[in-house]
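# Fold and contact review
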Amino acid sequence: MRSHFASSLLAITVVGCATTAATPEDVALANTPLYCSGEQECKTAWRRAQVWVVENAGYKLQTTTDAILETYNAPDFSTRLAMRVLREPGPNGLDRITLGLSCGKMPMCSQNHDTLTASFKRYVSGRTALK
């Protein structure tokens, strides 16, 4: 009886952590750098990045500056996502915006990283609204 319960619990845990595969379009977009240019465009993109993180992260924002947005870290064995967004000045007036995702020491997070990164890039660039 006891081993059956443990096996059932393990199965529920593994199924609960499963992610779906990202579409080829999401994978391509996730691997394409995101840039903004000019003060107004970058200011808008940065505000949109902050809103996206607040709406999609598994944790509250811990650090918010003009160069970094960072949530609290995920504890061990968590499937919820911690996030870090960096805004790095680049050449020719371009700023690069990157999203980092992590969860506790689980082998799989609760959501596919490529799908989330693509969603982030679509929203920050103004191509989609929040869902």
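Conventions used here
Residues numbered from 1 in each chain as written. Predicted model: local features only at pLDDT ≥ 70, side-chain atom pairs only at ≥ 80, totals over all residues. Heavy atoms only, no water. Disulfide = S-S within 2.5 Å. Buried < 20%, exposed > 50% of the residue type's maximum accessible area, 1.4 Å probe, protein only. Helix = DSSP H or I, 4+ residues; strand = E, 2+ residues; numbered from the N terminus. Expected span 1.5 Å × (residues − 1). Contact = heavy atoms within 4.5 Å. Polar contact = N/O pair within 3.5 Å; in protein donor to acceptor, adjacent residues only side chain to side chain. pLDDT = per-residue confidence, 0-100. Pairing = 2+ DSSP bridges. Axes fitted to C-alpha atoms, helices over the stretch in contact; angles between N-to-C directions.

Let's shift gears to the state of the cysteines. The bond known as a disulfide is covalent and runs between the sulfur atoms of two cysteines. Applying the stated rule across the entire model yields one disulfide. Shown here is the disulfide that connects C36 with C42, its sulfur atoms set 2.1 Å apart. Given an S-S torsion of about 110°, the disulfide between C36 and C42 has right-handed geometry. Side by side, C36 and C42 carry an identical accessibility label, which is buried.

Residue pairs three or four apart in sequence face the same way in an α-helix, which turns once every 3.6 residues. Compared with the 16 Å implied by 1.5 Å per residue over twelve residues, the 16 Å span of helix α4 (residues 113–124) between its first and last C-alpha is a close match. Buried within α4 we find L116, T117, A118, F120, K121, Y123 and V124. Of the surrounding secondary structure, the elements contacted by the buried residues of α4 are α2 (24–30), β1 (34–37), α3 (39–56), β4 (82–89) and β5 (94–102). The backbone nitrogen of D114 lies 2.8 Å from a side-chain oxygen of the residue at the head of α4, namely N112. Positive backbone phi, approximately 85°, marks G126, located one or two places after α4.

It is worth spelling out the environment of T115 at this point. Checked against the element boundaries, T115 lands in helix α4. Considering only alpha carbons, one finds T115 and E25, 90 residues apart in sequence, at a separation of 9.2 Å. What T115 contacts, discounting residues up to four positions off in sequence, is A22 and D26.

For N92, which is not a glycine, the phi torsion comes out positive at approximately 60°. Tracing the backbone through its elements, the reader meets N92 in the loop between β4 and β5. Among the residues examined, N92 registers a relative accessible area of 78% and is labelled exposed.

A few words now on the confidence of the model for the protein chain. Per-residue confidence for the protein chain gives a mean pLDDT of 83; residues scoring 70 or more make up 82%. In the model of the protein chain, helix α1 (residues 2–17) stands out as the element of lowest mean pLDDT, 36, in contrast to strand β3 (residues 68–71), which has the highest, 97. The model gives residues 1–18 a pLDDT under 50, and that stretch makes six contacts with residues more than four places away or in other chains.

Two pairing modes exist for strands in a sheet, parallel and antiparallel, and in both the strands are linked by backbone hydrogen bonds. Pairing is antiparallel across the open sheet formed by five strands, whose spatial order is β1-β5-β4-β3-β2. Two strands close off the open sheet at either side, each with one partner strand: β1 and β2 (61–64). Put simply, the sheet's adjacent strands are angled 20° from each other on average, direction ignored. Relative to β5, β1 is paired through four bridges, and the arrangement is antiparallel. Residue pairing across strands places S37 opposite L94, the latter belonging to β5.

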